[in-house]
Amino acid sequence: MPKPMLNKPAKSVANLAISWQQQLTQAITDPEALLLALKLKAEDFSDYSAARQTFGLKVPLAYISKMQAGNPRDPLLLQVLTQAQEMVTSAGYAKDPVADLDASKTPGLLHKYHGRVLLITTAACAVHCRYCFRRHFPYQTQQAGRDQWLQSINYIRQDNSIKEVILSGGDPLMLSDEKLDVLITQLEAIPHISRLRIHSRLPVVLPDRITDRLVQRLASSRFNVCMVIHANHASEITETEIKALKKLQLAGIQLLNQAVLLNGINQQVNEQIDLSENLYNAGVLPYYLHLLDPVQGAAHFDVKLDRALSLIKQMRSKLPGFLVPKLVREIAGEAGKIPANEL
Ligand SMILES: *Cc1c(COP(=O)(O)O)cnc(C)c1O
Ligand code: SF4
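How each quantity is defined
- Residues numbered from 1 in each chain as written.
- Chains lettered and ligands numbered in written order.
- Predicted model: local features only at pLDDT ≥ 70, side-chain atom pairs only at ≥ 80, totals over all residues.
- Heavy atoms only, no water.
- Near = heavy atom within 4 Å.
- Polar contact = N/O pair within 3.5 Å; in protein donor to acceptor, adjacent residues only side chain to side chain.
- Areas by Shrake-Rupley, 256 points an atom, 1.4 Å probe, with all protein chains shown as cover.
- Helix = DSSP H or I, 4+ residues; strand = E, 2+ residues; numbered from the N terminus.
- Nonpolar A, V, L, I, M, F, W, Y, C, P; charged D, E, K, R; others polar.
- Pairing = 2+ DSSP bridges.
- Contact = heavy atoms within 4.5 Å.

**Student:** Looking at this structure, how should I read the site of ligand 1?
**Tutor:** Surveying the vicinity of ligand 1 reveals the residues Lys112, Tyr113, Arg116, Leu118, Ile166, Arg197, Tyr287, Tyr288, Glu330 and Lys337. One nitrogen or oxygen atom from the side chain of arginine 197 is found 2.7 Å from an oxygen atom belonging to ligand 1. Considering ligand 1 on its own, with 390 Å² of exposed area, one finds that the protein chains cover 93% of that surface. Mapped onto the shell around ligand 1, the elements with two or more residues apiece are β2 (109-113), β3 (116-120) and β8 (285-290). Of the residues that constitute the shell around ligand 1, the class distribution is five nonpolar, no polar and five charged.

Take a look at the structure:
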């Protein structure tokens, strides 16, 4: 393996003076192009073409610009590069590990937990994270088109125990500002809903998605709006992301982060501490640290439970309590995410 040329960001590949939609069309989908942008060689990796067939590679240049050129172990690269290990079949790993399909009440609506429903607003994401628990999700049947939103909205209207709507996907911020406005306006007309939550990785992988129009729409909503972003590593949060997140914070939007604990990416205590501190600098509190969902093709990312528990314990000894995320696992059929110390 060649010696990594450290401290040389791949910034030159990004041209950020264009709209977020244009940046999406320029996202890299070819593993060879990604390696080329990072001055890496195919020989540094085992075969990555087979994994593309099940779940394609996709990564925006804005995210690549935060990777270190010449480093085949870059923690951002390893989250997105298709790898041969994904083709390994592992016992105990499933295609729908959290049984989302059982919780689907109308196409695109999951009602698993009391008081809150999750809307799958789109199948699309700006980035394809290799460990994603929805990597095999049958979005064709679960994707809510605009008329299917109507079914979901009727479902929500008829159940006044629902207080909160979570926009998820895919990534809900892949929808245009116009479409989001239509959806939010429909939800605002349901009196028993008071909270709107948006689960998105876009503030981290495509920060230009945080348009002034989006910020204004969320700020003017009658809802208490919360955005749960998804950053796994401190180097995902740079000045650019901080700027975008600060706009949301100034608009009164509560910002939280969820991360997935990933072998080879963020399982070291110093990595988790740096992540929490960087998030806080951007106005974001750590919310969940998820143990990997056992999805087929992601077993190589797994961190064992006892290791994860000891990681949290070490974080607790070094950080204020509000910077220690809750370590959780999702278990099919349970009423909420399960704290790891109760597993
Ligand atoms: C994770 C999840 C939620 C939200 O759970 P919180 O513990 O409130 O963050 C809601 N619905 C579904 C289907 C989920 O998977
Ligand atoms: S952004 Fe979220 S839903 Fe999309 S691939 Fe990554 S983890 Fe999965």
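**Student:** Help me understand the sheet that holds strand β5 (residues 195-200) in this model?
**Tutor:** By way of backbone hydrogen bonds, the strands of a sheet pair with one another, either parallel or antiparallel. Read across the sheet, 10 strands follow the order β1-β2-β3-β4-β5-β6-β7-β8-β9-β10 without closing on themselves; strand pairing throughout is mixed. Every other strand in the sheet has two partners, leaving β1 (104-106) and β10 (338-339) as the edge strands with one partner each. As judged from the three bridges shared by β2 and β3, these two strands associate in the antiparallel manner. Of the residues in β3, the one forming a bridge with leucine 109 is leucine 119.

**Student:** Help me out: how do you make sense of the side chain of asparagine 266 in this one?
**Tutor:** Structurally, asparagine 266 is set in the loop between β7 (254-260) and α12 (269-281). In this structure the side chain of asparagine 266 is engaged in a polar contact, spanning 2.9 Å, whose partner is the backbone oxygen of valine 260. When neighbours within four sequence positions are excluded, asparagine 266 is seen to be in contact with Asn232, Val260, Leu261, Glu271 and Gln272.

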